[in-house]
Amino acid sequence: MRKYTASVIAAGCLWGLMGLFTRTLAACGVDATGAIVLRCGIAALLFGATILVRDPKQFRIRLRDFWCFFGTGICSLLFFTYCYFQAITIMDLSTAAVLLYTAPSIVMVLSLLLFHERITAQKLLALVLAFAGCCLVSLVGGEHKLSAAGILYGLGAGFGYALYSIFARYALDRGYSSNTINFYSCLLTTIGAAIGLLRQTVYYDRYVKTAYAGSPLQYHFGRTTHQLYGSKWGIVG
């Protein structure tokens, strides 16, 4: 029991550090899509190495069950990570975290509709206490940046995060291990994000070669970006 408790605490600590690393990557010019490729690509390699050492048979999946991994990877992990990384770019980390933790309530509703699980008073109390604790820890004191885009991204992250539990439940019921689910989820997320990053690179490459050279503007306004949101500008020197 102590081992599992320590694992949960360690996971929470590492999860909290994710926002700090994402902010650091953003300051170095790595956008949300690039951060997803790095995060999930490294995770896929580590999960793959773990399976290779422990039990290579865990790489096997049935084609008819592919939708479960597409759900955990593309519909959940890719969507949730992109929304969360955008949210913490636009808003402060604490506000984004509170919006993300709408996920348990979404999981509870979806579990009722899909798996016919009962919503008990104990579950509701635990949900309220957990969300209230997150709000008290994250939002008490200080100023918080809010915007419509940031709130939508935060709620989108919560919904995507909730979908992971739902699709993973289907995969577990079909006999797949947690390592198999995590490996293919991260692998598909990496592939999806890499495709998005490639499309973005091709888009800006074509823009620079065709439109930028003859344009009087020094910035491209054709696509929305949040990297500079909340920045302060002034003259130095």
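Throughout what follows, the structure given in this document is the object of discussion. One numbering rule holds for all chains: residues counted from 1, following each sequence as written. Local features are withheld for residues below a pLDDT of 70 in this predicted model, meaning they are given only at 70 or higher, and side-chain atom pairs are given and counted only at 80 or more; totals for whole chains, interfaces and linings count all residues. Hydrogens and water molecules were not included; the side-chain quantities draw on all heavy atoms of the structure.

Here helix 5 (residues 103–115) spans 17 Å end to end across 13 residues, near enough to the 18 Å set by a 1.5 Å rise per residue. For helix 5, every residue scored as buried is listed here: Ala103, Val107, Met108, Leu110, Ser111 and Phe115. Helix and strand assignments follow DSSP, with helices taken as H or I runs no shorter than four residues and strands as E runs no shorter than two, numbered in order from the N terminus. Directly after helix 5, the chain includes His116, whose backbone phi takes a positive value near 60°. Take the number of residues in a helix, subtract one, and multiply by 1.5 Å to get its expected span. Only protein chains enter the calculation, and the probe is 1.4 Å; a residue is then buried if its accessible area is under 20% of its type maximum, exposed if over 50%, and partly exposed in between.

To form a nonpolar core, buried Ala, Val, Leu, Ile, Met, Phe, Trp, Tyr and Cys residues must be joined to one another through side-chain atoms within 4.5 Å. In this structure, Phe80, Tyr84 and Phe85 are the most contacted members of the largest nonpolar core, which totals 24 residues. Among the elements of the structure, helix 1 (2–27), helix 2 (32–54), helix 3 (66–90), helix 4 (93–100) and helix 8 (178–212) are those that each provide at least two residues to this core. For this core, the element with the most residues is helix 3, which contributes nine residues. For this analysis, residues touch if any pair of their heavy atoms sits within 4.5 Å. Those residues within four positions of Tyr84 in sequence are excluded, and the remaining contacts are Trp15, Met18, Ala96, Ala97, Leu100 and Ala157. One finds Ile51, Cys68, Ala168 and Tyr176 within the second-largest nonpolar core, a separate group that totals 11 residues.

Okay, helix 2 next. Taking 1.5 Å as the rise per residue, helix 2 with 23 residues should run 33 Å; its terminal C-alpha atoms sit 33 Å apart, in good agreement. Burial in helix 2 covers these residues: Ala32, Thr33, Gly34, Ala35, Ile36, Cys40, Gly41, Ala43, Ala44, Gly48 and Ile51.

Let us look at the layout of surface pockets. Buriedness for pockets is judged along seven lines, at least five of which must meet protein on both sides within 12 Å for an open set on the 1 Å grid over protein atoms alone, while cavities are sets there where a 1.4 Å probe fits but cannot get out, and lining residues have an atom within 4 Å of a point. Grid points are joined across faces, edges and corners, and a volume is the space filled by probe spheres set on the points. Volume-wise, the largest pocket comes out at about 1,000 Å³. Elements with a contribution of two residues or more to the lining of the largest pocket: helix 1, helix 2, helix 3, helix 7 (148–173) and helix 8. Lys, Arg, Asp and Glu make up the charged group, whereas Ala, Val, Leu, Ile, Met, Phe, Trp, Tyr, Cys and Pro make up the nonpolar group; the residues left over, Gly among them, are polar. Grouping the constituent residues of the lining of the largest pocket by class yields 22 nonpolar, five polar and one charged.

This part is about the environment of Arg60. Relative to the helices and strands, Arg60 resides in the loop between helix 2 and helix 3. Here Arg60 falls in the exposed class, since its relative accessible area comes to 63%. Sequence separation of Arg60 and Thr180 is 120 residues, and the distance between their C-alpha atoms is 8.3 Å.

Pairs of cysteine sulfur atoms within 2.5 Å are identified as disulfides in what follows. Using the criterion set out here, one finds zero disulfides in the structure. Free of any disulfide, Cys186 has its nearest cysteine sulfur in Cys40, 5.0 Å distant.

At their nearest, the axes of helix 1 and helix 3 sit 10 Å apart, and the two run at 65° to each other. Our classification of the angle between helix 1 and helix 3 gives roughly perpendicular. Regarding helix 1 and helix 3, the two cross each other, and that crossing is right-handed. Every residue of helix 3 that contacts helix 1 at Trp15, Met18, Gly19, Thr22 and Arg23 is listed here: Phe80, Tyr84, Phe85 and Ile88. Its residues assigned to classes, the contact of helix 1 with helix 3 comprises six nonpolar, two polar and one charged. Here, axes are lines fitted to C-alpha atoms. For helices the fit covers the stretch in contact, and angles between N-to-C directions go from 0 to 180 degrees. Should an angle fall under 35 degrees it is called roughly parallel, over 145 degrees roughly antiparallel, and 65 to 115 degrees roughly perpendicular, with every other angle called oblique. The hand of a helix crossing depends on one turn: near helix anticlockwise from the far one by less than a right angle means left-handed, and clockwise means right-handed.

Residue His116 is not a glycine yet carries a positive backbone phi of 60°. By the element assignment, His116 lies in the loop between helix 5 and helix 6 (121–139). Classification of His116 as exposed rests on a relative accessible area of 65%.

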